[in-house]
Amino acid sequence: MAITAAMVKELREMTGAGMMDCKKALTATEGNMEEAVDFLREKGLATAQKKASRIAAEGIVATALSEDAKKAVAVEVNAETDFVAKNEKFQGYVAQVAAQALTTGAADVEAFLAEEWTAEPGKTVGEALAAQIAVIGENMKIRRFQQMEEQNGFIASYIHMGGKIGVLVDVETDVINDEIREMAKNLAMQVAALKPIYMNNSEVDETYKEHELEIIKAQIENDPKMAGKPEKVINGAVMGRLNKQLKEICLLDQVYVKAEDGKQLVSAYVAQVAKANSANIAIKGFVRFETGEGLEKKNEDFAAEVAKQMGL
């Protein structure tokens, strides 16, 4: 397979590795981008933990909560340009989408598009979207939504950078006051900033662990400082690095960003707030949406994708 300059540029943007190293990785993996990322990681030439996502669409993430904060939703709506994403009409429309997504019984976006648009009865959500596209003059897409409910506590929400990132945090608690609400907001900000994937180690997928072990082992074997070291030492280094990495992707095991000593874990912070308020608190889950996250457009036609979703 011919390795093009565009492929090398893409891999470089994903990993931060040098041009020649990217070309070598693509050649060794016959142009497979995902395998090339792993190749660079194994050689210690890439910093990405996994294949990076190319953000190919603008837009915003919005959240909506019920009055009692026991139910919430996060939605992402895409547009073609950042200019439109900052447009008041677009933002108002996204707020309407979030309000409807809060109470929808639809299981996915396709079903959501087919239901009646509550802001204008007689139209479907999809038809209302088509009308907005005509008014705003840019292709748009309701990409995803996720609801969250907590009857024995509340849901906290946080919007970062005007809608670039939206977070929901599920807090189960028998006491609700300002201090506990503040704790929940702090956790939502933590999720926005540090991008955890799981709540704790027990939730981490075994396939993920096995894949990362292989990468870390290759990294250590390629490290000149580890040459000739006993197998026991190498295995210890591998497990140590894996455990450090797992702490970085598990919310409750992360270091709390506002910790005064720079060491307190999120789990310890939650326990501290619970004790101070004589409360039983459990963080049950979180949702983190980042605009454009995971979109792999490459040579895809954004307009065609929108038209396909709209059934045009």
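Residues numbered from 1 in each chain as written. Predicted model: local features only at pLDDT ≥ 70, side-chain atom pairs only at ≥ 80, totals over all residues. Heavy atoms only, no water.

Chemist: When you look at the confidence of the model for the protein in this model, what are you seeing that I'm missing?
Modeler: For residues with low pLDDT, the predicted coordinates do not support detailed interpretation. The share of residues in the protein with pLDDT of 70 or more is 90%, and the mean pLDDT across the chain is 87. Contacts from residues 47-56, a stretch scored under 50 in pLDDT, to residues over four places away or in other chains number 30 contacts. (pLDDT = per-residue confidence, 0-100. Contact = heavy atoms within 4.5 Å.)

Chemist: Help me out: how do you make sense of the sheet that holds strand S5 (residues 165-173) in this one?
Modeler: Through backbone hydrogen bonds, the strands of a sheet pair up, either in parallel or in antiparallel fashion. Read from one edge to the other, the open sheet built from 3 strands follows the order S4-S5-S6, with strand pairing classed as antiparallel. Each having just a single partner strand, strand S4 (153-160) and strand S6 (281-290) make up the two edges of the open sheet. With strand direction ignored, the average angle separating the axes of adjacent strands in the sheet is 15 degrees. Pairing geometry for S4 and S5, over 8 bridges, is antiparallel. (Pairing = 2+ DSSP bridges. Helix = DSSP H or I, 4+ residues; strand = E, 2+ residues; numbered from the N terminus. Axes fitted to C-alpha atoms, helices over the stretch in contact; angles between N-to-C directions.)

Chemist: I'm lost on helix H8 (residues 178-194) in this one. Help?
Modeler: Because each turn of an α-helix spans 3.6 residues, side chains separated by three or four positions end up pointing in the same direction. The first and last C-alpha atoms of H8 sit 24 Å apart over 17 residues, in line with the 24 Å expected at 1.5 Å per residue. Of all the residues in H8, the buried ones are Ile 180, Met 183, Ala 184, Asn 186, Leu 187, Ala 188, Gln 190, Val 191 and Ala 192. Looking at the buried positions of H8, the neighbouring elements they touch are S4, S5, helix H11 (266-276) and S6. Structurally, the start of H8 carries an N-cap: the backbone nitrogen of Glu 179 is 3.2 Å from a side-chain oxygen of Asn 177. Lys 195 lies just past H8 and shows a positive phi near 50 degrees. (Expected span 1.5 Å × (residues − 1). Buried < 20%, exposed > 50% of the residue type's maximum accessible area, 1.4 Å probe, protein only. Polar contact = N/O pair within 3.5 Å; in protein donor to acceptor, adjacent residues only side chain to side chain.)

Chemist: Honestly, the pattern of salt bridges in this entry has me stumped. Any pointers?
Modeler: Where charged atoms of side chains with opposite charge meet at close range, the side chains can pair. Tallying each qualifying case throughout the model produces 14 salt bridges. Across the pair Asp 178 and Arg 181 runs a salt bridge, and its minimum N-O distance is 3.3 Å. Of this pair, Asp 178 and Arg 181 both sit in helix H8, 3 residues apart, which is roughly one turn of the helix. For Glu 293, the salt bridge identified is with Arg 288, shortest N-O distance 3.7 Å. (Salt bridge = Lys/Arg side-chain N within 4 Å of Asp/Glu carboxyl O.)

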